[in-house]
Amino acid sequence: MASITLKNVRKSYKDSEIIKGIDLSMEDGECTVLVGPSGCGKSTVLRLICGLEDIDSGEIYIGNRFVNDVPPASRGIAMVFQSYALYPHMTVFENMAFALQVRKLKKSEIEERVISTAKILKIDHLLHRRPKELSGGQRQRVAIGRAIVRKPYAFLFDEPLSNLDSALRCQMRYELAKLKAQLKTTMVYVTHDQSEAMTLADKIVVMRDGLIEQVGTAMQLYNTPANTFVARFIGSCRMNIFPVSFVECRKNIPVFKMPNDELICGPSVEGVIFDKNCCYHLGIRPEDVDIMESAIASDMHVDNQLQGTVVVSENLGGEGYIHVSLKNGLMISLKAKKTISEKSGDDIFMRFERNKCYLFDQNETIISGI
Ligand SMILES: Nc1ncnc2c1ncn2[C@@H]1O[C@H](COP(=O)(O)OP(=O)(O)OP(=O)(O)O)[C@@H](O)[C@H]1O
Ligand SMILES: [Mg+2]
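Looking now at the overall build of the chain. Check the secondary structure of the chain and you find eight helices and 21 strands. Taking the principal axes of the C-alpha coordinates as reference, the chain spans close to 75 × 45 × 35 Å. Scored against the burial criterion, the 370 residues of the chain give a buried share of 35%. Excluding contacts between residues fewer than 6 apart, the proportion of contacts in the chain whose partners are at least 24 apart in sequence is 64%.

Strand order across the open sheet formed by four strands is β2-β1-β4-β5, with antiparallel pairing between neighbours. At either end of the open sheet lies a strand with only one pairing partner, and these are β2 (16-26) and β5 (65-66). Two elements, strand β1 (residues 4-13) and strand β4 (residues 57-62), share five bridges in a ladder whose sense is antiparallel. Among the inter-strand pairings, K7 is bridged to a residue of β4, identified as E59. Across the sheet, helix α1 (residues 42-50) lies against β1, β2 and β4, angled at about 65 degrees from β2, the strand it touches most.

A word on the pairing of β1. For a regular strand, side-chain orientation follows a simple rule: the groups alternate between the two sheet faces. Bridge count for β1 against β2 is eight bridges, and the pairing is antiparallel. Bridge assignment links S12 to a residue of β2, and that residue is E17.

A few words now on the site of ligand 1. Close to ligand 1 lie Y13, I18, G36, S38, G39, C40, G41, K42, S43 and T44. Among the elements that take part in the shell around ligand 1, α1 stands out by supplying three residues, more than any other.

Residues that lie three or four places apart on an α-helix share one face, since the helix turns once every 3.6 residues. Over its 18 residues, helix α5 (residues 166-183) runs 25 Å from end to end, which matches the ideal 26 Å to within 8%, given 1.5 Å per residue. Of the residues making up α5, those classed as buried are R169, M172, L176 and K180. Burial along α5 is one-sided: seen end-on, the buried residues are contained in an arc of 85 degrees. The exposed residues of α5 that point more than 90 degrees off its buried face are A167, Y174, K178, A181 and Q182. In this fold, the buried residues of α5 make contact with β3 (31-35), α4 (136-148), β8 (186-190) and α6 (194-200).

Attention now moves to the sheet that holds strand β16 (residues 303-315). Reading across the sheet, the five strands line up as β15-β19-β16-β17-β18 and stay open at both edges, with antiparallel pairing between neighbours. Bordering the open sheet on either side are β15 (290-292) and β18 (331-336), each of which pairs with just one other strand. On average, each strand axis in the sheet is inclined to that of its neighbour by 45 degrees, with strand direction left out of account. Of the strand pairs in this sheet, strand β17 (residues 320-326) and β18 are connected by six bridges, and their pairing is antiparallel. Looking across to β18, one finds that G320 is bridged to A336.

A few words on the domain arrangement of the chain. Domain boundaries assigned for the chain yield domain 1 (4-233) and domain 2 (240-368). On a C-alpha basis, the centres of domain 1 and domain 2 stand 39 Å from each other. Residue-level contacts link seven residues of domain 1 with eight residues of domain 2. Here the residues of the side of domain 1 that touches domain 2 are counted per class, giving three nonpolar, three polar and one charged.

With that settled, the discussion passes to the nonpolar core. Core analysis: the biggest nonpolar cluster contains 90 residues, and V33, I49, A154, L156 and V188 have the highest contact counts within it. Mapped onto the domain boundaries, this core takes at least three residues apiece from domain 1 (4-233) and domain 2 (240-368). Apart from residues no more than four positions distant in its own chain, I49 is found in contact with I4, I60, I77, L156 and V188.

Relative to the helices and strands, S135 resides in the loop between α3 (107-120) and α4. Remark: the alpha-carbon pair of S135 and L164, spanning 29 residues in sequence, is separated by 9.6 Å.

All right, on to helix α2 (residues 92-102) then. Among all positions in α2, only V92, F93, N95, M96, A97 and L100 are buried. Those residues of α2 that are buried lie in contact with α3 and α4.

Conventions and cut-offs
- Residues numbered from 1 in each chain as written.
- Chains lettered and ligands numbered in written order.
- Predicted model: local features only at pLDDT ≥ 70, side-chain atom pairs only at ≥ 80, totals over all residues.
- Helix = DSSP H or I, 4+ residues; strand = E, 2+ residues; numbered from the N terminus.
- Buried ≥ 20, exposed ≤ 12 C-beta atoms within 10 Å, placed from the backbone.
- Contact = placed C-beta atoms within 7 Å.
- Pairing = 2+ DSSP bridges.
- Axes fitted to C-alpha atoms, helices over the stretch in contact; angles between N-to-C directions.
- Near = placed C-beta within 6 Å.
- Expected span 1.5 Å × (residues − 1).
- Arc of directions from axis to C-beta.
- Domains from an automatic or database assignment.
- Nonpolar A, V, L, I, M, F, W, Y, C, P; charged D, E, K, R; others polar.
- Core = buried A, V, L, I, M, F, W, Y, C linked by C-beta atoms within 7 Å.

In structure tokens, the structure reads:
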């Protein structure tokens, strides 16, 4: 086990800079999950850590060891790819044993490691088969097993579950979470899947365009996203974010105007002086918006109420999403924890607590989370 540290790491391909100066500390035994839009540089970061690519500048440490010039095979890192990259002509046993044979470990030691790892991953009955005789999930376990037997300082996972169907993915996510607790080895894990990130991560790193936007636990990112980009990225359905202008403060409660002059209250924030000439952004998560039977008399300083027309309703059985067009032309999505009866074209009333709102300044930087 070892920590991994990146200091001001940069990488360009030809004349375009892909990684633009990244500082990141991944603690010993911790699982760090990298998320971000396609092309933001997640896989590149993994390739730089394990040495498959050289960095242009900066420093990489594995434990206390400076590894910039250390070849991949000597870095003690195991990488598991989305494409399992198994050797097709070898059996499961041979695939798992290969790296240990290259290292010239004793035969008995190799057998012990392969068999005990295969048992953990429940593939011990498949050791004589070749990859083509396995299901996708079984192949993925072999790829993970091949990494485990090496007893690396750290595992790097690049979307290891994205080729699996959703049921198997869910099961493997659970298995990986158990494995993480069992192995206590440093892991760096890239995924597009929110549930995987939230389940496995001790720490989530949100990347955009070769830079890190924010690092934190799942709940830190959910409750206090650094900016609207992270706010929209974290959460199972994108946060609703409205451009608003400041009107006045009523007893410490900021009141804003939506684009059609509709008034909406924001969360109380201490020590912020709002400017009438600035644009702000008010965010509310779909899970915090409720449907009402009809408009009700209520104190607008507690509840914001909106009316709109359903554009699309997605019924998932027991829960679902409704996407609604507001009178001001903006869209709002809400998550309902019930079977949805609202249909496209229905007019509905919604409400949400002002204290569940997130507030961002004109640069889309957070002023107040929840
Ligand atoms: N060998 C290469 N030569 C030139 N450009 C490259 C090379 N490898 C990656 N890139 C570019 O670097 C950028 C980052 O790629 P990377 O594979 O790290 O993205 P990613 O965040 O893993 O994306 P995805 O989620 O789609 O896997 C992309 O714009 C990609 O086109
Ligand atoms: Mg990638």
